[in-house]
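Coordinates in review
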Amino acid sequence: IEENKNGAITLLRPNHVVEGGSVWWLYAGYELNPYIAFETSYIHYPRANISFDSMSLFTFNYNRSEITSQTERVSLAAKLMVIVPRTTIRIFSLVGVAGLHRDGVVVNSWTARPTFGVGANYNVTGRVMIEIGGDYTAGNGESELDPVEHYLPFLYSGYLRLAYRF
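Here the structure is a predicted model, which is why all the values come from computation and not from measurement.

Conventions adopted
Within each chain, residues carry numbers counting from 1 in the order of the written sequence. Restriction of local features to residues with pLDDT of at least 70 applies here, the model being predicted, together with a cutoff of 80 or more for giving and counting side-chain atom pairs; totals for whole chains, interfaces and linings are based on all residues. Calculation of side-chain values draws on the structure's entire complement of heavy atoms; hydrogens and water are dropped beforehand. Salt bridge, as used here: a side-chain nitrogen of Lys or Arg that lies within 4 Å of a carboxyl oxygen of Asp or Glu. For the purposes of this entry, the term helix denotes a DSSP run of H or I that reaches at least four residues, the term strand denotes a run of E that reaches at least two, and both are numbered from the N terminus. Per-residue accessibility, obtained with a 1.4 Å probe over protein chains only, is compared with the maximum for each type, and a residue is labelled buried under 20%, exposed over 50%, and partly exposed between these values. Only residues above 30% relative accessible area that lack a salt bridge enter a patch, with like-charged residues linked at up to 9 Å and the nonpolar side chains Val, Leu, Ile, Met, Phe, Trp and Tyr linked at up to 5 Å. Per-residue accessibility takes into account occlusion by the displayed protein chains alone, with areas from the Shrake-Rupley method and a 1.4 Å probe. The method works on a 1 Å grid over the protein atoms by themselves. A cavity is a set of points holding a 1.4 Å probe that cannot get out, a pocket is an open set with protein on both sides within 12 Å along at least five of seven lines, and residues with an atom within 4 Å of a point line them. Grid points are joined across faces, edges and corners, and a volume is the space filled by probe spheres set on the points. For this classification, Asp, Glu, Lys and Arg are treated as charged, while Ala, Val, Leu, Ile, Met, Phe, Trp, Tyr, Cys and Pro are nonpolar and the rest, including Gly, are polar. Two N or O atoms form a polar contact when they lie within 3.5 Å of each other; inside protein one atom must be a possible hydrogen donor and the other a possible acceptor, and for residues adjacent in sequence the pair counts only when both atoms belong to side chains.

1. Considering the pattern of salt bridges
- Per the stated rule, a full pass over the model turns up seven salt bridges.
- Residue Arg161 is joined to Glu39 by a salt bridge in which the shortest nitrogen-to-oxygen separation is 3.1 Å. Of this pair, Arg161 sits in strand β9 (residues 155–164) while Glu39 sits in strand β3 (residues 36–44), and the two are 122 residues apart along the sequence. Here Arg161 matches Glu39 in class, with each residue buried.

Here's what the structure looks like:
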């Protein structure tokens, strides 16, 4: 099979990326009342292994054709909740700011990015809560000749967590 390669794409973008795996997450929050809470969290994402063509601009600039990149996020967010009538289930939306860290051979930096989430939680007892939700943190993808220097991944996470309430 003959591949149709565009020279500019070969020159500027990765030709293979291997990523995925488990995410681990620590969080703590404070509930002001049943409708408003504040939450801080730390998320550690799996490594991404990125390969470039031997004739790419990246290989020319950095004298290597492969890199490994690690991403982590620290956030502070406000959670607004609505109680579903005749239940103890609460539907919520979350908005905040995240410190996004990308660590690799080319970049080791922290950047502030917006983060958003939605979900539902249920108080099993006065102290135990179950929550299911989704989370998005905006990344950065600038249009430039060497995007590896400024690229931050756009992060999506789904979760199911069990929490202890103090």
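2. Points about a nonpolar patch on the surface
- The grouping of Ile89, Ile91, Tyr122, Val124, Ile130, Ile132, Leu160 and Leu162 at the surface amounts to a nonpolar patch, some 760 Å² of accessible area in total.
- Counting residues per element, the ones that place at least two in the nonpolar patch are β6 (89–104), β8 (128–137) and β9.
- Within the element layout of this structure, Ile132 appears in strand β8.

3. Some words on unusual backbone geometry
- We note that Asn63 has phi near 55°; this positive angle belongs to a residue other than glycine.
- Checked against the element boundaries, Asn63 lands in the loop between α2 (57–62) and β5 (66–83).
- In this structure, Arg86 is a non-glycine residue whose phi angle is positive, near 65°.
- Considering the arrangement of structural elements, one finds Arg86 in the loop between β5 and β6.

4. Let's talk about the layout of surface pockets
- Here the largest pocket is characterised by a volume of approximately 570 Å³.
- In this structure, the largest pocket is lined by 26 residues; those nearest its centre are Val17, Glu19, Ala48, Tyr151 and Pro153.
- When residues of the lining of the largest pocket are traced back to their parent elements, those giving at least two are β4 (48–51), β5 and β9.
- Of the residues that constitute the lining of the largest pocket, the class distribution is 17 nonpolar, five polar and four charged.
- Together, 19 residues line the second largest pocket, and Gly29, Tyr30, Glu31, Met129 and Arg165 are the ones closest to its centre.
- Within the residue set of the lining of the second largest pocket, elements represented by two or more residues are β2 (24–33), β3, β5, β8 and β9.
- When its residues are assigned to classes, the lining of the second largest pocket shows 10 nonpolar, three polar and six charged.

5. Points about the environment of Glu131
- Looking at the element boundaries, Glu131 is found in strand β8.
- Judged by its relative accessible area of 0%, Glu131 is buried.
- For the pair Glu131 and Asp53, spaced 78 residues apart in sequence, the C-alpha separation works out to 43 Å.
- Here the side chain of Glu131 touches Asn121 through a polar contact of 3.1 Å, side chain to side chain.

These figures capture arrangement, not role.
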